[in-house]
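Tertiary structure, described
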Amino acid sequence: MKNIHRKTMGFLSAILLFSALSDAENIRREYLLEKGWKFTREDSESFVNESFNDSKWESVTVPHDWAIYGPFSIYNDRQNVAITQDGQKEAMEHAGRTGGLPFVGVGWYRLQFDVPDFSAGKRVTLLFDGAMSNAEVYVNSKKAGYWAYGYNAFHLDITDLLNANGKNTLAVRLHNLPESSRWYPGAGLYRNVHLIVTDDAHIPLWGTQILTPVVREKNAKVVIRTQLDYPAGFRGKIELKTDIIDPQGVLFGTVSSEIDTALIVDGYYETSIWIDDPALWSPENPALYKSISKLYMDGVLKDDYETRFGVRSIEIRPDDGFYLNGVKTYFKGVCNHHDLGPLGAAVNDAAIRYRLRLLKDMGCNAIRTSHNMPSPELVKACDEMGFMVMAESFDAWKTPKVKNGYNLYFDEWVEKDLVNLVRQFRNNPSVVMWCIGNEVPDQTEKGGVQLARMMQDICHREDPTRPVTVGMDRGQAIINNNFAATLDVVGFNYRLYAYREAYDKLPQQIMLGSETASTVSSRGVYKFPAERRAMAKYPDHQSTGYDLEHCDWSNLPEDDFVQHEDRPWCIGEFVWTGFDYLGEPTPYYSDWPSHSSLFGIIDLAYIPKDRFYLYRSHWNREKETLHILPHWNWEGREGEITPVFVYTNYPSAELFINGKSQGRRTKDLSVTLENSDNKDAEQALARQKRYRLMWMDTKYEPGTVKVVAYDKDGKAVVEKEIRTAGKPHHIELIPDRTQLKADGKDLSIIRVRVVDENGNLCPNESRKASFKVKGAGVYRAAANGDPVNMELFHLPEMSFFGGELTAIVQTTEKQGEITFEASAKGLKGGSLKMRSLP
C-alpha cells in the first residue's frame, strides 16, 4: 500500500487560512491555526459570544506573545519578596525580576474557522502546544475546556460544539497573575494551535509508544504500543498495520495484526519488529526512524498515525556513569529558559535552530528545558540536530516560591500535567531524562519525599525507559532525609561541596550537575583589577567579561570542569545558562533598569560572550579554538595593568604585544580537585590555570596583540591577532543565511557591527542604528545584549552595545529578493541581499 501521509500546504477556507499538514488522500488531517486571529487586552464576558463583533480588535498571527512589544516599566510585576534560594533573609524590591514587560493581566483571542470535510462519524480536536496562562477555551459560545499551566500542551475534543453549517467561532481567554513567575514567562497563544480531524475510530493523540528494549550493533528490537479508540458497539474485524521507515526514507518492513481485543492492555495493543544493522540515534549521528500506524475497521482505512522515533539505549550504571548505546557519555549541557530574546516567548523554528547551531559549535550536547515543558519545535530540532534533552516540568510543587506560582494548581493538576508531558515526548529519542522539579522548597518540607516518589512513579508508569531527577539545592539536608535517595538520578544545583558526601551516602553513587556555574558576565565589558569576585556590582549594572564573577551560591566554569573530570562518578553538567534571558538580572535585584540576566554564555542578542570560547575549548576539543580577551581599545589606560586571557584547545601559547613577547603560558595539569581550593585567596585562580592561559601583569599600549598557540609536541600551529581599532568607519553585516524559505516564518539572523576602515571591531561604539527591509521580507526585531537597554525590540532601530547588535528579518509568503539596510549617523551604511525561495 502506498504511503498515505504526505504533507502539503493549502488554502482550505474562505473564512480562515489554514496551513494544512496532510493532503486530500489522508484520513487524519491536521491544520495549524495561524492566521485570522483577533486580539485584545480588554476583558468582558461578552467576548465568548459567536455574535460579538471583534472587527476593531488587533489582527495577529499565532504564535503571538503580547507582552514582548512592551513598554518596559519598573511597575510591571514589581515584586517585594525574599528569594530564599538565593540566600535572601528579608523581603526586598525586585523590579526587573520578570523582565519589566507587561505580561500580567487578561488577553483574549478570537478566530472564525470552519472544519474541512466535517461530517457525521468524524472527531475534531483542538491541540494547544502552550497558552500562557489559565486558558479558558470557548467554541461557539460554549466552554470547551480549561487548562491552568501555561507551559504545557493540552487538547480538547470539540466535536459536539461545532455548528452544522460549518461556520465556527473559537474564543480563548488567558489570564496571567502577578507574582506568578521568577522570570519572563511571555503571554498569550505563544505556541502553535492545531486543529485535528479524525474518524470516530482512530489512534488518539500521543497514542503510540515506541520502545527499543534490545539495542545491539547488529540488531534491535522495536516494540510498538498503540492505543485504539473506536465506537463501543463495534463487533467487526479490526486490523493494525504499521510501516517502519528507515532514516533514508525507505520502507524497512511492515507489522500487520488482526487485533484480538482481549489482548489490549491498559488501552494499548502491542506489536514488535526486529531491525538488522540499526542506525543508532546519538548526538553525533541523530538517525531517525518513522512508524506509520494504519487502523482498519472491516477492511476500511480509518486512521493513519505517524510517529518519529530513534533506536537507542540509555542506562545509568551506579558508581560508573550514564551510557548511551553502551558508550559512556558525559552531559555537556546548558539550561535554557524558553524565551527567544527579542522575539519573546513566541515559538519560531528558525530562531530555535539558529541558537542550537551556536550551541553545537560550542560542543554542547544536551539541553535542560528549565524550568518547564519544552515546545515540540525545540524537541524536534534536538531530535534532528543531535542534542540530549532533560525535559523539565515544574519550578515549584506545593510550597510556593512566588505567591501565585504552580502551588495554586499542584494538587489538582500535577498528574495531568506530568501525563501530558511524558506522553507528548516519550517517543522523542533526544529526551533521555525527566526532571520533575527545580529547587523546590518541598525538598525539606514534611511530605516532600512522598511527593517526589509519587511524581517519579507517574513518570515510570507512563514511560518505564527513562530515569527521573530533580534539580536539588538543599545540599546535606536532602542527602540525609531520603529525598535524594528516592530519585533515579541525583541532580545537584551547585553545592559542589556536597558532591563527595552524596556519593558516599546515597545508593545511586553517581552525580549530575543539574545546574552549574551561574557565572555572570557582560559581552565586551571588562572590570579592573581582574580578580575573582562574588555578587560584584558596578554603577553601569554590568559584570566583567573576564569570566571571574559569580553569585554567592555558585562558582566559575573551571570549578565544575575539575569536578567532572577528576571524579569518574560525575556524569556531566547543565550550565546556567546557555543564553541570557529576560528577567532575573542577578546580582542587580533592585537596580532598575536591569531587567535581563547576565548568566548566559551567549547574550540576549544571540552573540557569544568570551565565555563561549572557554566552554568550546573544553567541550569541543577536536575543533580549533583560539580566542583573545579583552578587546584592545583602552584609551586612558596606557601603561596600566590590563590582563590578557586566551581560551584555546591547545596546551600552550605565547603572547606578544606590539611584537614584544610577554611570555609563554602552559595549562597547568598538575592542578587537581584535591590540591586546589577556590576559597583560598592565594588559590583563587588555581583551577583557571588548568583550563585557560592568563597573563595577569600585561600593560596596555595601543597596537597589536598576537597569540601563537603550540600543540602537545611544542610545535607552533596557529596564531591570531587583535588590534586597537581606529575611527569608526562603516557598518558590517554578517547574516546566518542568505537563502530563506518563503513561508512567512523563516528568519535571517544578522550580526550588525561597527568597524574601522580596516574591518576591526570598534568595541566602544554605542550610537543608534536604523534598519530598512525591502522586497519579500519584513523587519522582525533587534537586540544588543545590554541587560539595561530599554529600547523596544520590534522598532526598526537599536543602539550598538560593544560595537555590535543583532537584527532579525522575517520572510513573507512571497518569493523574491530581500534587501536589508542598516545605517547610523556618521558611518557608511551596510546593505545585504537575500533570497526567499519556495
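Predicted model only: the values in this text are computed from it and were never measured. (Residues numbered from 1 in each chain as written. Predicted model: local features only at pLDDT ≥ 70, side-chain atom pairs only at ≥ 80, totals over all residues. Heavy atoms only, no water.)

**Concerning the overall build of the protein**
What counts is decided by this rule: Comment: elements are numbered from the N terminus, with helices defined as DSSP H or I runs of at least four residues and strands as E runs of at least two. Only C-alpha atoms enter the radius of gyration, while the globule expectation follows 2.2 Å times N to the 0.38, with N the number of residues. For every residue, the accessible area obtained with a 1.4 Å probe (protein chains only) is divided by the maximum for its type, and the residue is called buried under 20%, exposed over 50%, and partly exposed between those limits. Contacts are assigned to residue pairs that have any heavy atoms within 4.5 Å of one another.
On a plain count of helices and strands, the protein comes out with 10 helices and 50 strands. For 838 residues, the compact-globule estimate of 2.2 N^0.38 gives 28 Å, and the protein sits close to it at 27 Å. Principal axes of the C-alpha set define a box for the protein whose edges measure 90 × 60 × 55 Å. Each of the 838 residues in the protein was classed as buried or not, and the buried ones make up 63%. Within the protein, contacts between residues separated by at least 24 positions form 69% of all contacts whose residues are at least 6 apart in sequence.

**Side note on the side chain of Asp 746**
Counting through the fold element by element, Asp 746 comes out in the loop between β43 (739-741) and β44 (747-755). Setting aside its immediate chain neighbours within four residues, Asp 746 contacts Ala 350, Arg 737, Leu 740, Lys 741, Val 809, Gln 810 and Thr 811.

**Describing the packing of helix α3 (residues 410-425) against helix α4 (residues 448-462)**
Inclusion rule: Interaxial angles span 0 to 180 degrees and are taken between N-to-C directions of axes, which are lines fitted to C-alpha atoms, for helices over the stretch in contact. Put simply, a crossing is left-handed when the front helix is turned counterclockwise from the back one by less than a right angle, and right-handed when it is turned clockwise. When residue character is reported, Ala, Val, Leu, Ile, Met, Phe, Trp, Tyr, Cys and Pro are called nonpolar, Asp, Glu, Lys and Arg charged, and the others, Gly included, polar.
Between α3 and α4, the least distance of the axes is 9 Å, while the angle of their chain directions is 35 degrees. Handedness of the α3/α4 crossing: right-handed. On the side of α3, the interface is formed by Phe 410, Val 414, Glu 415, Leu 418, Val 419, Val 422 and Arg 423, while α4 contributes Leu 451, Met 454, Met 455, Ile 458, Cys 459, Arg 461 and Glu 462. The residue inventory of the contact of α3 with α4, partitioned by class, reads 10 nonpolar, no polar and 4 charged.

**Here we look at the sheet that holds strand β36 (residues 644-648)**
Two strands in a sheet stick together by hydrogen bonds in their backbones, pointing the same way (parallel) or opposite ways (antiparallel). Heads up, the condition is: Two strands qualify as a pair provided DSSP detects at least 2 bridges between them.
Reading across the sheet, the 3 strands line up as β35-β36-β39 and stay open at both edges, with antiparallel pairing between neighbours. On the outer flanks of this sheet lie β35 (626-629) and β39 (693-695), each paired with one strand and no other. For this sheet, the mean angle separating the axes of adjacent strands, direction not counted, is 15 degrees. Here 4 bridges tie β35 to β36, and the two strands are oriented antiparallel to one another. Paired with Leu 626 across the two strands is Thr 648, which belongs to β36. Docked against the sheet, helix α9 (residues 610-619) engages β35 and β36, running at close to 40 degrees with respect to β36.

**Quick word on the pattern of salt bridges**
For clarity, the cut-off: Criterion for a salt bridge: a side-chain nitrogen of Lys or Arg within 4 Å of a carboxyl oxygen of Asp or Glu.
Summed over the entire model, instances satisfying the criterion amount to 58 salt bridges. Lys 398 is the partner of Asp 411 in a salt bridge, and the nearest nitrogen-oxygen pair spans 2.6 Å. Remark: Lys 398 occurs in the loop between β26 (388-392) and α3 and Asp 411 occurs in helix α3; sequence separation between them is 13 residues. By relative accessible area, which is 39% here, Lys 398 ends up partly exposed. Put simply, Glu 640 and Arg 637 hold a salt bridge, and the shortest N to O gap is 3.2 Å. Arg 637 gets classed as buried once you look at its relative accessible area, which sits at 15%.

**Some remarks on the packing of aromatic side chains**
Applicable threshold: Only centres within 6.5 Å qualify two rings of Phe, Tyr or Trp (six-membered ring in Trp) as a pair; their planes then separate them into stacked at under 30 degrees, edge-to-face at over 60, and tilted for everything else.
For the coordinates displayed, the defined rule picks out 43 aromatic pairs. Ring centres of Tyr 146 and Trp 413 lie 5.8 Å apart, and the angle between their planes is 65 degrees; on these two criteria the pair is classed as edge-to-face. Taken together, the residues span a long stretch of sequence, with Tyr 146 in strand β10 (residues 142-147) and Trp 413 in helix α3 at a distance of 267 residues. Judged by relative accessible area, Tyr 146 falls into the partly exposed class, the value being 30%. Between Tyr 149 and Tyr 151, the aromatic rings sit 5.5 Å apart at their centres with planes inclined by 75 degrees, giving edge-to-face as the arrangement. Across the pair, exposure class does not vary: Tyr 149 and Tyr 151 are buried alike.

**Let's talk about the sheet that holds strand β46 (residues 777-783)**
With antiparallel pairing, 4 strands are arranged side by side in an open sheet as β42-β44-β48-β46. A strand with exactly one partner marks an edge of an open sheet, and here the two such strands are β42 (730-735) and β46. The mean angle between the axes of side-by-side strands here comes to 30 degrees, regardless of whether they run parallel or antiparallel. In terms of strand pairing, β46 meets strand β48 (residues 804-811) through 6 bridges, oriented antiparallel. Following the sheet pairing, Gly 777 is matched in β48 by Thr 811.

**Concerning unusual backbone geometry**
Negative phi is the rule for most residues except glycine; trans is the rule for most peptide bonds. Between Trp 576 and Thr 577 the backbone carries a cis peptide bond, its omega angle lying at -5 degrees. Here Thr 577 lies in the loop between β34 (570-576) and α9. Here the amide bond leading from Trp 592 into Pro 593 is cis, since omega sits at 15 degrees, within 30 degrees of zero. Considering the arrangement of structural elements, one finds Pro 593 in the loop between β34 and α9. Unlike most non-glycine residues, Asn 134 shows phi in positive territory, near 50 degrees. Tracing the chain through its elements places Asn 134 in the loop between β8 (122-128) and β9 (135-139). Judged by its relative accessible area of 9%, Asn 134 falls in the buried class. Although it is not a glycine, His 541 adopts a positive phi angle of roughly 65 degrees. One can find His 541 in the loop between β32 (533-534) and β33 (549-550).

**A word on the packing of helix α8 (residues 557-566) against α9**
When two helices pack together, their arrangement is given by the angle between their axes and by how far apart the axes lie. Operational definition: Here roughly perpendicular refers to angles of 65 to 115 degrees, roughly parallel to angles under 35, roughly antiparallel to angles over 145, and oblique to all remaining angles.
For the pair α8 and α9, interaxial distance at closest approach is 11 Å and the crossing angle is 15 degrees. Overall, the two elements α8 and α9 adopt an arrangement that is roughly parallel. In this structure, the crossing between α8 and α9 has a hand that is right-handed. Seen from α8, the contacting residues are Pro 557, Glu 558, Phe 561 and Glu 565; seen from α9, they are Arg 611, Leu 614, Tyr 615, His 618 and Trp 619. Looking at the contact of α8 with α9 residue by residue, the classes come out as 5 nonpolar, 1 polar and 3 charged.

**A short note on α4**
Just so we agree on the cut-off: Under the convention used throughout, the expected extent of a helix is 1.5 Å for every residue step, that is, one less than its residue count.
Along its 15 residues, α4 runs 22 Å from first to last C-alpha, staying within 8% of the 21 Å computed at 1.5 Å per residue. Of all the residues in α4, the buried ones are Gly 448, Val 449, Leu 451, Ala 452, Met 455, Gln 456, Ile 458, Cys 459 and Glu 462. Those residues of α4 hidden inside the fold are in contact with β14 (208-215), α3, β27 (431-438), β28 (468-472) and α6 (483-486).

**Describing the confidence of the model for the protein**
How we decide: pLDDT measures the predictor's confidence residue by residue and takes values from 0 up to 100.
Within the protein, residue pLDDT values average 94, and 96% of them lie at 70 or more. In the model, residues 1-25 has pLDDT below 50 throughout and makes 65 contacts with residues more than four positions away in sequence or in other chains.

**Some details on the environment of Asp 713**
Mapped onto the fold, Asp 713 is located in the loop between β40 (704-710) and β41 (716-723). We classify Asp 713 as exposed; its relative accessible area is 61%. Considered as a pair, Asp 713 and Pro 651 are 62 residues apart in the sequence and their alpha carbons are 9.5 Å apart.

**Quick look at α3**
Counted at 1.5 Å a residue, the expected span for α3 with its 16 residues is 22 Å, and the 21 Å between its end C-alpha atoms agrees. Listing the buried residues of α3 in full gives Phe 410, Trp 413, Val 414, Asp 417, Leu 418, Val 419, Asn 420, Leu 421, Val 422, Gln 424 and Phe 425. Where α3 is buried, its residues contact β10, β11 (154-157), α2 (376-385), β26, β27 and α4.

**As for the environment of Pro 796**
Position of Pro 796 among the secondary structure elements: in the loop between β46 and β47 (797-799). Along the backbone, Pro 796 and Tyr 354 are 442 residues apart, and their C-alpha atoms lie at a distance of 21 Å. For Pro 796, the contacting residues outside a window of four places in its chain are Ala 769, Ser 770, Phe 771 and Tyr 779.

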